[in-house]
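# Close look at the chain arrangement
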Amino acid sequence: MSAPNTPDEPPHATRLREQFRPAILCVLVLTILAGCVFPVVLFAIARPLFPRQANGRLVTRGGTVVGSALIGQEFTRPEYFHSRPSAAGNGYDATSSGGTNLGPNNPKLTSGAADFPGIRQLAREYREGNGLAPDAPVPIDAVTRSASGLDPDITPENAELQIPRVARARGLSEDAVRRLVAGHTQGPQFGFLGSPRVNVLELNLALDEMR
Amino acid sequence: MTSARLLEYFVFLALVVALARPVGLYLARVCQRERTFLDPLLRPLESVLYRILGVHPEQEMTAGVYSFCFLLFGVGCALFLFLILMLQRWLPGGPADSYLTTPMTPDLAANTAVSFATTTTWQAYGGENTLRYLAQVIGLVAQGFLAGAAGLAAGFAFMRGIARERSSTIGNFWVDLVRSLLYVLLPLTLIGSLILVWQGVPLNLAPYTIAHTLEGKTQIIAQGPVAALEFIKNLGTNGGGFFNANGAHPYANPTPFTNFLGMLAIAVLPASLMITLGHITRRPRAGWVLLMVMVALFVLGLAVCDRAETAPPPQLAGLHITGGNMEGKEVRFGLGSSILTAIVTSNGSTGSYNSMYDSYQPIGLLALVIFLLLGEVVFGGLGAGVYSMVMAALVGVFLGGLMVGRTPEYLGKKIGFAETRWIALYALLTPVVVLALTAIAVLANAGRAGLVTNSGPHGFTEILFAYASSMANNGQAMAGLNANSGFYNITTAIAMLAGRFGLAVLALALAGCFAAQRRLPATAGTLPNDTPTFGALVFGTILLGGALCFLPALALGPIVEFLRH
């Protein structure tokens, strides 16, 4: 088993052949520990404690699942706040997350290509859709695609510019919509983590409830 | 906004530095088999495991045997994972076959197996359309722990080599592996994963949800046991996520807090290991000096990247668009949490990005590529980061010794001919592998065929980035490169193996040399290793050495892209 040792040294392994058995057993046994026992323990503790989160924070209305509070979805109608443009599949495809991966100097990103509106076009459409002047400033999140393509949030600046359109389409006062947006605006988490944001699906659900 | 961003950077670094001492001392106890507060709970389990595994914990190993076990275990893990991936179609449970659109070809399975067994977790596939839930859990979650623990074990052995005197051995790999798993990774991951579920990371085996959106469209939402993978991927410095968009996916990383916690999981253990090193070699100040070098490099990279990404993108000048570069970034993270994460993951040998690097400005990207190329000296991979940084320091010692004519010594160990040979081979391996593979890819049609999204200098950067990331066992990608081809699956796997086993074997060989020496007392003739001056020397050596190796390649990529536009 062990090599003959000098008196002041602990026993030590010399034959490499002896290491195959622990190697194979470690791969198998530790995989069971980390890949089976650990997940089972985690499931057993976490699911009863946080059932809603564990199931993906699904949102139901009238018995049907309308989406997940964490996963963005596409909105095109004027009476809803619009999410950011998306590069996931054909837009907000939650089985195919991803960004454009276009380099900042790639002409396709700004000028677009067939079936791919560039930032220039997105900005023009955003201004037209929201009744803004052709040179009105547009917040950058409204005309860029997120990393996941499933960004559930927009910036408060983006939401603010959409308020008049939504209010007009719903026959509501801008102030009423603005109050609702303010109620759905989250600041940085714990005051310093991340950026201020508005969850688009939750805001639109709240809008529908106002009727 | 600026102030919130800077506050987040500051709090992050302050926490990493504040936790370094307590965590580092705990890791020293795990490394030296001393009593910890978890012993009453874990010691019985540890003994049972040794019996089941056929491990004799009192047996010691020479550096050669230790390296052999590290290698054997890594190869065993890769083979086992390869089998699981190839057989995944027979695994029960979701998701339905119709969603799994990327076929698990043998070359993709081999690449993924090598990738996860080496903590690289480079992903040439998208999780939600390639893998079954059970393959993700039994295959990838388990590897997150096992590969992470093996890395920590190698780090322990390396430090022991420096700490021991006149010893022919550097520890027992199987003991280090089991102790890393039981005393470090499992308990922390259990707590961390629970926090993730609380914050909204799903944990289920449900079929993909079919939702009917407010506008009457159908949206299919990928589900799964996401939380089981997402914490250990960071703590084990693996980085491969459950979904294609990795840390950007709102299910993988739902809130700025989950993101911040993930960044701490990446950085705290590797940073603390510097304190462990100082403690077990009885030169605590030397450990702090290396940690401060890390922090200084980190701040430099963060400042460069922050400046490039928060400025309004010059490409959009005149379009009346306000704000910094948000292409490929998520609103909940904004610019600050995205940039901080990019710098942490590029350093921490962990590819769990939360923004898309292809869409970074050339100079922002430059900062990230440089950190990959420097070999993950800042924090670095779990365990591997120790020898990355010490090797850089040793080059510094050697240069410093040459400059002032003093005996090159580090922490009381002489750097003679044998030691210098291992250090030189270590320092050369990364540039040789990365530059050679990049050159081959640029010359080969199969390599250029990967450039499906971008071309020109940006495309060159994508290729350089892929090999730098594989060699550094980082795994993050500029995803515009189509890397799921026979050519990239094989060449990136070569880089991953060289980065994991090549570097570890050289580092452990050096540790063996050091262990055999006795510790020399510091004399007037030694260059002190625990002063700010020494820190500055190491800082300069890292930057200068990096520049000498990689400036030409960087000039063809991000630098020329910046100058041309």
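All chains use their own residue numbering, which begins from 1 and follows the written sequence. As they are written, the chains are lettered A onward and the ligands numbered 1 onward, keeping that order. Local features in this predicted model are restricted to residues whose pLDDT is 70 or higher, and side-chain atom pairs enter the listing and the counts only when it is 80 or higher, whereas totals over whole chains, interfaces and linings include all residues. Side-chain calculation: all heavy atoms of the structure are included, whereas hydrogens and water are not.

## Observations concerning the overall build of chain A
A count of helices and strands for chain A gives seven helices and seven strands. Secondary structure counts use DSSP, requiring at least four H or I residues in a row for a helix and at least two E residues in a row for a strand, with both numbered from the N terminus. Mapped in sequence order, the helices and strands of chain A form the string β-α-α-β-β-α-α-β-β-α-α-β-β-α. Counting only C-alpha atoms, chain A reaches 90 × 45 × 35 Å along its principal axes. Burial here depends on accessible area, computed with a 1.4 Å probe over protein chains only, as a share of the maximum for the residue type. Under 20% is buried, over 50% is exposed, and the range in between is partly exposed. Within the span of chain A, comprising 211 residues, buried residues form 53% of the whole. Two residues qualify as a contact provided that any one of their heavy atoms is within 4.5 Å of a heavy atom in the partner residue. Counting contacts in chain A only where the partners sit at least 6 residues apart, residues at least 24 apart contribute 54% of the total.

## Points about the interface of chain B and chain A
Counting from both sides, the interface comprises 120 residues of chain B and, opposite them, 107 residues of chain A. The junction of chain B with chain A conceals about 9000 Å² of combined surface from both sides, 67% of it contributed by carbon and sulfur atoms. Of all residues in chain B, Leu214, Glu215 and Val331 of chain B give up the largest surface area on contact with chain A, accounting jointly for 10% of the area buried on that side. Salt bridges are identified by distance alone: a Lys or Arg side-chain nitrogen within 4 Å of an Asp or Glu carboxyl oxygen. Linking chain B with chain A are one salt bridge, by the criterion used here. Here Lys217 of chain B makes a salt bridge to Glu74 of chain A, at a shortest N to O gap of 3.9 Å. For this analysis, a polar contact is any N or O atom pair within 3.5 Å, provided that within protein one partner can donate a hydrogen and the other can accept it, and provided that sequence-adjacent residues contribute only side-chain to side-chain pairs. If you look at where chain B meets chain A, you find 43 residue pairs in polar contact (both at pLDDT 80 or more). Sort the elements by how many residues they give to the side of chain B that touches chain A and helix 6 (residues 173-199) of chain B lands first, with 12 residues. Taken together, the two bridges between strand 4 (residues 138-139) of chain A and strand 4 (residues 321-322) of chain B define a ladder with parallel strand orientation. By the bridge assignment, Val138 of chain A is partnered in strand 4 of chain B with Ile321 of chain B. As used here, buried area is the combined drop in accessible area, with a 1.4 Å probe, of two parts when they are placed together. By this definition, two strands are paired if DSSP reports at least two bridges between them.

## Overview of the sheet that holds strand 5 (residues 153-154) of chain A
All names here are of chain A. Read across the open sheet, the three strands follow the order 5-7-6; overall the sheet is antiparallel. A single partner strand is all that each edge strand has here, and the edge strands are strand 5 and strand 6 (185-186). The pairing of strand 5 with strand 7 (residues 197-199) spans two bridges and is antiparallel. Bridging across to strand 7, Asp153 finds its partner in Asn199.

## Observations concerning the domain arrangement of chain A
The domain boundaries assigned to chain A delineate domain 1 (20-46) and domain 2 (69-210). As annotated, the domain borders come from an automatic or database domain assignment. Here domain 1 of chain A and domain 2 of chain A have C-alpha centroids that lie 43 Å from each other.

## Digging into the nonpolar core
Throughout this description, the term nonpolar core refers to a set of buried Ala, Val, Leu, Ile, Met, Phe, Trp, Tyr and Cys residues connected via side-chain atoms within 4.5 Å. Counting 233 residues, the largest nonpolar core has Phe12, Phe73, Phe145, Phe173, Trp174, Phe298 and Tyr410 of chain B as the members making the most contacts within it. Counting residues per element, this core draws most heavily on helix 5 (residues 133-163) of chain B, which supplies 17 residues. Among all residues touching Tyr410 of chain B, those that are not within four sequence positions of it are Leu290, Val390, Ala393, Leu394, Val397, Ile415, Asn529 and Phe534 of chain B. The next biggest cluster of nonpolar side chains, apart from the first, holds 22 residues, and it includes Phe75, Val166, Ala167 and Val198 of chain A.

## Examining the pairing of strand 3 (residues 64-68) of chain A
Side-chain direction in a regular strand flips from residue to residue, so the side chains alternate between the two faces of the sheet. Strand direction decides the pairing type here: strand 2 (residues 58-61) of chain A and strand 3 of chain A, joined by four bridges, are antiparallel. Across the sheet, residue Leu58 of chain A finds its bridge partner in strand 3 of chain A, namely Ser68 of chain A.

## Quick word on the environment of Val452 of chain B
Residues and elements named next belong to chain B. Counting through the fold element by element, Val452 comes out in the loop between helix 15 (445-448) and helix 16 (456-471). Note: C-alpha distance between Val452 and Ala149 (303 residues apart in sequence) is 37 Å. If we skip the residues at most four places from it in the chain, Val452 touches Gly480 and Asn482.

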